[in-house]
Amino acid sequence: MLATIGVTSLDELASAAVPDSIRDSEPVTSTLPPAASETEVTAELRALAARNTVTVPMIGLGYVGTITPPVIRRHVLENPAWYTAYTPYQPEISQGRLEALLTFQTTVADLTGLPVAGASLLDEATAAAEAMTLLRRAGKAASPRFVVDADTLPQTIEVLRTRAIPLGIELVVADVSGGLPEGDLFGLLLSYPGASGAVTDPTALIDAAHERGALVAVAADLLALTLLTPPGELGADAAVGTTQRFGVPLGFGGPHAGFLAVQQKHARQLPGRLVGLSRDADGNPALRLALQTREQHIRREKATSNICTAQVLLAVVAACYAVYHGPDGLRRIAQRAHRMAAVLAAALRAGGVEVVHDEFFDTVRARVPGRADEVADAAHAAGIAVRRVDADTLGIACSEVTTVAHLEAVRAAFGIGADTAAPDTAGLDTAGLDTAGLDTAGLDIAALDAGTADALPEGLRRSSEYLTHPVFHEHRSETSLMRWLRRLADADMALDRTMIPLGSCTMKLNAAVEMEPITWPEFADLHPFAPPADAAGTLELIADLERWLAELTGYAAVSLQPNAGSQGEFAGLLAIAAYHRSRGEAHRDVCLIPASAHGTNAASAVMAGMRVVVVATAPTGDVDLDDLHDKIAEHRDALGALMITYPSTHGVFEARVREVCDAVHQAGGQVYVDGANLNALVGLARPGAFGGDVSHLNLHKTFCIPHGGGGPGVGPVAVAEHLVPFLPGRGEVGAVSAAPHGSPGVLPISWAYLRLMGPDGLRRATLTAITAANYVAARLREHYPVLYAGADGHVAHECILDLRAMTKDTGVTVDDVAKRLADYGLHAPTMSFPVAGTLMVEPTESEDLAEIDRFVDAMIGIRREIDRVAAGEWPVTDNPLRGAPHTAASLMDKWDHPYPRELAGYPTGVTPGVHDRKVWPPVRRIDGAHGDRNLVCSCPPVEAFA
Ligand SMILES: *Cc1c(COP(=O)(O)O)cnc(C)c1O
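Conventions we followed
Residues numbered from 1 in each chain as written. Predicted model: local features only at pLDDT ≥ 70, side-chain atom pairs only at ≥ 80, totals over all residues. Heavy atoms only, no water. UniProt positions renumbered as here; feature names shortened; annotations may be inferred. Helix = DSSP H or I, 4+ residues; strand = E, 2+ residues; numbered from the N terminus. Rg over C-alpha atoms; globule rule 2.2 N^0.38 Å. Buried < 20%, exposed > 50% of the residue type's maximum accessible area, 1.4 Å probe, protein only. Contact = heavy atoms within 4.5 Å. Areas by Shrake-Rupley, 256 points an atom, 1.4 Å probe, with all protein chains shown as cover. Lys, Arg positive; Asp, Glu negative; His and termini not counted. Charge placed at Lys NZ, Arg CZ, Asp CG, Glu CD. Core = buried A, V, L, I, M, F, W, Y, C linked by side-chain atoms within 4.5 Å. Salt bridge = Lys/Arg side-chain N within 4 Å of Asp/Glu carboxyl O. Near = heavy atom within 4 Å. Polar contact = N/O pair within 3.5 Å; in protein donor to acceptor, adjacent residues only side chain to side chain. Nonpolar A, V, L, I, M, F, W, Y, C, P; charged D, E, K, R; others polar. Pairing = 2+ DSSP bridges. Domains from an automatic or database assignment. Buried area = accessible area lost by both parts, 1.4 Å probe. Phe/Tyr/Trp six-rings, centres within 6.5 Å; stacked < 30°, edge-to-face > 60°. Lys NZ or Arg CZ within 6 Å of the ring centre and 35° of its normal. Axes fitted to C-alpha atoms, helices over the stretch in contact; angles between N-to-C directions. Left-handed = near helix turned anticlockwise from the far one by under 90°. Expected span 1.5 Å × (residues − 1). Disulfide = S-S within 2.5 Å.

Going by what an unreviewed UniProt entry lists, the chain is known as Glycine dehydrogenase (decarboxylating) and is assigned to Pseudonocardia aurantiaca. Its UniProt record gives the chain a comment under Catalytic activity (unreviewed entry), which states: "N(6)-[(R)-lipoyl]-L-lysyl-[glycine-cleavage complex H protein] + glycine + H(+) = N(6)-[(R)-S(8)-aminomethyldihydrolipoyl]-L-lysyl-[glycine-cleavage complex H protein] + CO2". On record in UniProt, under Function (unreviewed entry), the comment for the chain is "The glycine cleavage system catalyzes the degradation of glycine. The P protein binds the alpha-amino group of glycine through its pyridoxal phosphate cofactor; CO(2) is released and the remaining methylamine moiety is then transferred to the lipoamide cofactor of the H protein."

1. Notes on the overall build of the chain
The helix and strand inventory of the chain stands at 30 helices and 25 strands. For 946 residues, the compact-globule formula gives about 30 Å, and the C-alpha radius of gyration of the chain, at 28 Å, lands near that figure. Across its three principal axes, the chain shows a C-alpha extent of roughly 90 × 70 × 60 Å. Looking at the 946 residues of the chain, the share that counts as buried comes to 64%. Pairs at least 24 apart in sequence give 77% of the contacts found in the chain among residues at least 6 apart. Accessible surface, the chain as shown: approximately 31,500 Å² in total, 51% of it carbon and sulfur. One finds the centroid of the 75 positive side-chain charges in the chain at a distance of 4 Å from the centroid of its 112 negative side-chain charges.

2. Regarding the UniProt feature "domain: Glycine dehydrogenase C-terminal" (unreviewed entry) in the chain
With numbering matched to this structure, UniProt assigns "domain: Glycine dehydrogenase C-terminal" (unreviewed entry) to residues 765–886. Across residues 765–886, helical content stands at 45% and strand content at 8%; the span's end C-alpha atoms are separated by 36 Å.

3. Notes on the nonpolar core
The biggest cluster of nonpolar side chains holds 205 residues, and the ones touching the most others in it are Phe703, Leu754 and Phe855. The biggest single contributor to this core is helix H24 (residues 747–780), with 17 residues. Contacts of Phe703, omitting those with residues within four sequence positions, involve Leu549, Leu552, Leu678, Val682, Leu697, Asn698, Ile749, Ser750, Tyr753 and Leu754. By size, the runner-up hydrophobic cluster in this structure holds 43 residues, among which are Ala129, Ile157, Leu291 and Ala564.

4. Re the pattern of salt bridges
Here the structure, examined in full by the defined rule, presents 43 salt bridges. Residue Arg163 is joined to Glu130 by a salt bridge in which the shortest nitrogen-to-oxygen separation is 2.9 Å. With Arg163 in helix H8 (residues 154–167) and Glu130 in helix H7 (residues 124–138), this pair connects stretches of sequence that are 33 residues apart. For Glu130, a relative accessible area of 3% translates into the label buried. Between Arg476 and Asp328 there is a salt bridge; the shortest N-O distance is 2.5 Å. On the criterion of sequence distance, the pair formed by Arg476 in the loop between helix H15 (471–474) and helix H16 (478–490) and Asp328 in helix H11 (residues 312–350) is long-range, its members being 148 residues apart. In this structure Arg476 comes out as partly exposed when scored by relative accessible area, which is 30%. Assessed through its relative accessible area of 32%, Asp328 is described here as partly exposed. Look at the salt bridges and you will find they share partners, linking Arg339, Asp454, Glu458 and Arg461 into a network.

5. Observations concerning the site of the ligand
Around the ligand, a shell composed of 16 residues is seen, among which Thr309, Ser504, Asp674, His700 and Lys701 lie nearest. Between His700 and the ligand, the recorded distance is 2.6 Å, taken from a side-chain N or O atom to an oxygen atom. Burial of the ligand by the surrounding chains reaches 98%, relative to a free accessible area of 380 Å². Tallying contributions element by element places helix H20 (residues 565–582) first for the shell around the ligand, with three residues. Here the residues of the shell around the ligand are counted per class, giving three nonpolar, 10 polar and three charged.

6. Quick word on the sheet that holds strand S22 (residues 799–802)
Strands sit in the order S22-S24-S23 across an open sheet of three strands; the sheet is antiparallel. Looking at the sheet topology across the chains shown, the edges are occupied by S22 and strand S23 (830–831). Summarising the sheet, S23 and strand S24 (residues 838–841) pair through two bridges and their orientation is antiparallel. Among the inter-strand pairings, Met831 is bridged to a residue of S24, identified as Leu839.

7. Here's the deal with the domain arrangement of the chain
Domain boundaries assigned for the chain yield domain 1 (33–56 + 512–758), domain 2 (94–491) and domain 3 (759–933). Between domain 2 and domain 3, the residue contacts involve 15 residues of the former and 11 residues of the latter. Between domain 2 and domain 3, roughly 1,200 Å² of surface is buried when both sides are summed, and carbon and sulfur atoms account for 49% of that area. Sorting the residues of domain 2 by area buried against domain 3 places Arg279, Asp282 and Arg288 first, and these three jointly supply 37% of that buried surface.

8. Observations regarding the pairing of strand S8 (residues 258–262)
Across the five residues that make up S8, a large majority, five, are buried. Going residue by residue along S8, you find Gly258, Leu260 and Val262 tucked away on one face and Phe259 and Ala261 tucked away on the opposite face as well. Here strand S2 (residues 116–117) runs beside S8; their pairing, made up of two bridges, is antiparallel. Bridge pairing in S8 places Val116 opposite Val262.

9. Some points on the packing of aromatic side chains
One pass over the full model with this rule turns up 13 aromatic pairs. For the pair Tyr906 and Trp920, a centre-to-centre distance of 5.7 Å together with 85 degrees between the ring planes defines the contact as edge-to-face. Of the two residues, Tyr906 sits in the loop between helix H29 (901–905) and strand S25 (926–927) while Trp920 sits in the loop between H29 and S25, which places them 14 residues apart along the sequence. The ring of Phe570 carries Arg163 above its face, with NZ or CZ at 5.7 Å from the centroid.

10. With respect to the packing of H11 against H16
Where H11 meets H16, the closest approach of the two axes is 10 Å, and the angle between their N-to-C directions is 145 degrees. For the pair H11 and H16, the crossing hand works out as right-handed. Note on element contacts: H16 touches H11 through Glu478, Leu481, Trp484 and Leu485, opposite Cys320, Val323 and Tyr324.

11. Considering the sheet that holds S2
Taken together, the seven strands give an open sheet; going across it, the order is S2-S8-S7-S6-S5-S3-S4, and neighbouring strands pair in mixed fashion. Of all the strands in the sheet, just S2 and strand S4 (170–174) have a single pairing partner and so form its edges. Relative to strand S5 (residues 187–192), strand S3 (residues 145–149) runs parallel, the two sharing three bridges. Bridge assignment links Phe146 to a residue of S5, and that residue is Gly187. Where helix H6 (residues 95–112) meets the sheet, it contacts S2, strand S7 (238–242) and S8, and its direction lies at approximately 60 degrees from that of S8. Across the face of the sheet, helix H9 (residues 203–211) comes into contact with S5 and strand S6 (215–220) while running at roughly 155 degrees to S6.

12. Some thoughts on H8
The first and last C-alpha atoms of H8 sit 20 Å apart over 14 residues, in line with the 20 Å expected at 1.5 Å per residue. Every buried residue of H8 is listed here: Gln155, Thr156, Ile157, Val159, Leu160, Thr162, Arg163 and Ala164. Elements that come into contact with the buried residues of H8 comprise H7, S3, S4, S5, H20 and helix H21 (599–607). One or two steps after H8, the chain reaches Gly168, where phi turns positive at roughly 75 degrees.

13. Overview of unusual backbone geometry
A cis amide bond, omega 20 degrees, links Gly711 with the succeeding residue Pro712. Looking along the chain, the bond that leaves Phe833 and enters Pro834 is cis, with omega of 0 degrees. Among the structural elements, Pro834 can be located in the loop between S23 and S24. Positioned with a positive phi, Ser504 is a non-glycine residue whose angle comes to about 75 degrees. The class for Ser504 is buried, based on a relative accessible area of 7%.

14. Thoughts on the state of the cysteines
Going through the model one piece at a time under the given rule, you end up with zero disulfides. Not part of a disulfide, Cys704 finds its nearest cysteine sulfur in Cys505, a span of 15 Å. The class of Cys704 is buried, set by a relative accessible area of 1%. Free of any disulfide, Cys939 has its nearest neighbouring cysteine sulfur in Cys937, separated by 11 Å. The class of Cys939 is buried, set by a relative accessible area of 14%.

15. Things to note about the side chain of His700
With respect to the secondary-structure elements, His700 resides in the loop between strand S20 (694–697) and strand S21 (717–719). Accessibility expressed as a relative area gives 1% for His700, which makes it buried. Within the structure, His700 has its side chain in polar contact with the backbone nitrogen of Val714 (distance 3.2 Å). Once residues lying within four places of it in the same chain are set aside, the contact partners of His700 are Thr309, Cys505, Ala564, Gly565, Ile705, Pro706, His707, Pro712, Gly713 and Val714.

Encoded structure:
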């Protein structure tokens, strides 16, 4: 590969490609220890895991015990066919995960009683924040006030506050039990059930808000909605929450899929990804991402939200949980949790303890004046974590994992002896308490039946059906579910089948040894609000990772709280804004962003209350320095920040980045270096050392957390010393995620990666990634122009192939090439980002030469096909490119195309008797516009497939 590039060693390439002005003179001396073997790393992780103490989670606060069915854990969470997939932007080779996500949307829509739900948000708190801004966009009220039910999860209120301030939204947290506070409002958030556990009828409040011209969102517990009248039926405009308790491990806070569902008329306002039904070139139903024109990668600063990476893998887990249990199974699980809570409440009352609420779902609030600590400690000593609300009050949440023994232990912790009179058995309501299949946790149902009434409000019992679609009834055996999951995965092309050369996305290996620990119970089953001593191992892992990442990036400190790159950007910009404010320069609100920036940059700047000013691109692809100086001069006094991606989104190391940073600093601005492309820098250069004040990193790119089909992600924000006080959740700036440490459940992956590589391995990986990109550029250059290169002719870790002239000459588009690659059994590169009409290729260090050559050879083969179109041999409207991808079925139809079917299906030829790598796409080219015009975003009736 080096010979093809024209250099003799990796070091020579490093000197040639990476500008001296940014390169670290010595190797990064890191606190990161030298590389360890897989066996050693596993042993170290085992030791960290052993320092965690897993207790029975009865804390509640939006995170409850759940059982991940082993069939789902093994076939989804631990299955590379699911976890290594990318966001389904190439829908023809993503039908499996799109179907799983449509099932997720249907689950949420059915349970909330609202017609449209998105394909996941980052957590409950950010979902509530997205709902707040959605209601503001969608509503007509001019008021800046958003009223929040005081009985809402405290972390949700905190994130709402963080998000409200820069947008000028006035957050009013009010006790709404007696009605709405006086005054105008544009929106209202209610909690159903409340954070305290209480279930009250929200109808009057919803009506009152509507009467004042406001819209209403309801934060709801999805499992409770199997028993309670759903928000949609009560008149709510939107519903938000988490799907964690649908089989997703606690993971000390995440990752979990948040949800947001809305009335049909607000569908076009939904943030994030939305799966919709459309049709393919043969008229067959096919799935795709709908309404993308409202997203950040298209609309930039006018987008509905900055969310990009979401929580797809966890949404798939939640959908599978609903499919596996079906509506009756979910209802049983809900009833069981409810019965546990009802029995606990009765037992506490019988023991003389005050139970605050008469009506609740799964959470009991108990008052023990002055004794809360004592009771919580006693419960903890018995291996149970309960919520200490204040010195007098406790919360105890029941769930799928609660057993009678746990209830006994809680009762004992309250000091109620077993000799206390048993609860009154009169008025027992066991109707509907079907126990079949429910004794997974050793439940002694007889003890529960011993005599307690339900505690759900009679008027709020759900009467409508849900999950009636056949998918929720057909896969109720492990055999069937396993085969459904395999069938879906077989429709998709993930890293387990092909390289995924997506520029800017860094689709690198997610090594098995890195993945293994995430499902170890010591990491997976920790509650985010467990006492810190119980999480000693995870907290040490977090501290290691923060320290290592800070050193590798040249910054003073790192926060792992943001749940995606976009959230890291938002947190970083909030830090900059708070810093200016702390110096009496709150008026510095202009954010300069190069035209080539990722769409999240502009969207995040707007969320942080900044004004976006675009800086032009020079013909070289670099930031146009003249325009930059002009824009700085024009906005000198208001300059808040510059956001610059390094290496640039054009895949180039810009030699003059220091000059850019200096100019911004001289004008009083701060420099935000978007570090999503760190795979080209680790071990070679540090953004904090060449001029950055703050960066975010994408652990789901450079640091091996798998993309999961579009999430989870972790987007740490790294800051220089002067910005440390402004990291999220440390006082000056509020939290940006629900859980204090974001998504610790997947952090063992990045920890293991860094530990396996050591400083030398990281540097070598970076140089290998740069080598691979330059090899692709060198081999493809004569077939497709490489758009940009650095001063010495080299690219960084990715390269842009310019198809625009070819499209102009022949009519063959980037789309045609991308879809034709599927016929070759390959995933397409990034299409039309950052330059329309181009393909951006990022091979990463993980691909071996044979696979890179397979890709390059396919691209050359496609070029020859384009030449035949150019030569007039095939019309532009009917050739193997425009016809791509070809399904097996389409080749068996009557064939009346000017190119042979063999070429269509087997572009590289067939070797009889050889088991080839052919992957048959399940659908043909999908008509996107049709799907947007005829929006169908939940599982269609089976007749649609007739
Ligand atoms: C991926 C990416 C982002 C956004 O990251 P998410 O985790 O998807 O929010 C931002 N900037 C650049 C350059 C990226 O490549």
